[in-house]
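# A structural walkthrough
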Amino acid sequence: GQQVMQIPQYQHVQEGEDFTTYCNSSTTLSNIQWYKQRPGGHPVFLIQLVKSGEVKKQKRLTFQFGEAKKNSSLHITATQTTDVGTYFCAGPRTGKLIFGQGTTLQVKP
Amino acid sequence: NAGVTQTPKFQVLKTGQSMTLQCAQDMNHEYMSWYRQDPGMGLRLIHYSVGAGITDQGEVPNGYNVSRSTTEDFPLRLLSAAPSQTSVYFCASSSIGAGAYNEQFFGPGTRLTVL
């Protein structure tokens, strides 16, 4: 089964509201990556986190890697309709790169 | 620089037919992989390769074969198509650095329907 769990599966927000998706692993990850997939498109790389407790920002997006390197989050401040899509985390497991189930974000204008 | 290319974009098969999904990259990436995407299931790893001549199974390998004879190409073969293999298939590639996989570059996907 999925070894990298993401919650929630779906999120509907009003434009301007904040949004957060969480990624959890039962074991320590050496690094974690985040991707965005627009409807009908393919996943596109957003960022990679490597260090314990790391926080990185990209405009309205804030990415965090937990102190124990077992969880991560992506927070979007003041969502816009352009943020619509599915957000995936991915982590290395026994030589493979495993993706979470993704969180699909809908933004109501 | 075309990145990752996949063919075909769409395919309809009958149960029992076989076919090969093509994937090629021109970035000299060591790591290549195949994922299938189904509603609510995210991206599930089918097979992957860390270099020419090296392949290994992912999370859902049954019913699929792969080979990696060159760095550029990583075809996925469906041996005897089943309706459960109806899905969107993505190929991805990346370089490997410091023992970790770097940014994954995805192809545009192949939408496969098995009747």
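Quick caveat: nothing in here was measured; it's all calculated off a predicted structure.

### Concerning the sheet that holds strand β8 (residues 76–78) of chain B
Residues and elements named next belong to chain B. Read from one edge to the other, the open sheet built from four strands follows the order β1-β3-β8-β7, with strand pairing classed as antiparallel. Both edges of this open sheet fall to β1 (4–7) and β7 (64–66), since each of them pairs with a single strand only. Here the strands of the sheet are splayed against their neighbours by 20° on average, with no regard to which way each runs. Of the strand pairs in this sheet, β1 and strand β3 (residues 19–25) are connected by four bridges, and their pairing is antiparallel. Considered in β3, the bridge of T5 is made with A24.

### Considerations on the state of the cysteines
On inspection of all chains with the given rule, the structure shows two disulfides over all chains. Disulfide partner of C23(A): C89(A), at an S-S distance of 2.0 Å. Here C23(A) and C89(A) share a disulfide; its torsion about the S-S bond, 75°, makes the bridge right-handed. Note that C23(A) is positioned in strand β3 (residues 19–25) and C89(A) in strand β9 (residues 85–93), a separation of 66 residues in sequence. Comparing C23(A) with C89(A), the two get one shared label, buried. Each disulfide pairs two cysteine sulfurs, and for C23(B) the partner residue is C91(B), the sulfurs being separated by 1.8 Å. Between C23(B) and C91(B) the sulfur-sulfur dihedral comes to about -70°; the bridge is accordingly left-handed. Of this pair, C23(B) sits in strand β3 while C91(B) is found in strand β9 (residues 87–94), placing the two residues 68 residues apart along the sequence. Both residues of the pair, C23(B) and C91(B), count as buried.

What counts and what doesn't
Residues numbered from 1 in each chain as written. Chains lettered and ligands numbered in written order. Predicted model: local features only at pLDDT ≥ 70, side-chain atom pairs only at ≥ 80, totals over all residues. Heavy atoms only, no water. Pairing = 2+ DSSP bridges. Helix = DSSP H or I, 4+ residues; strand = E, 2+ residues; numbered from the N terminus. Axes fitted to C-alpha atoms, helices over the stretch in contact; angles between N-to-C directions. Disulfide = S-S within 2.5 Å. Buried < 20%, exposed > 50% of the residue type's maximum accessible area, 1.4 Å probe, protein only.

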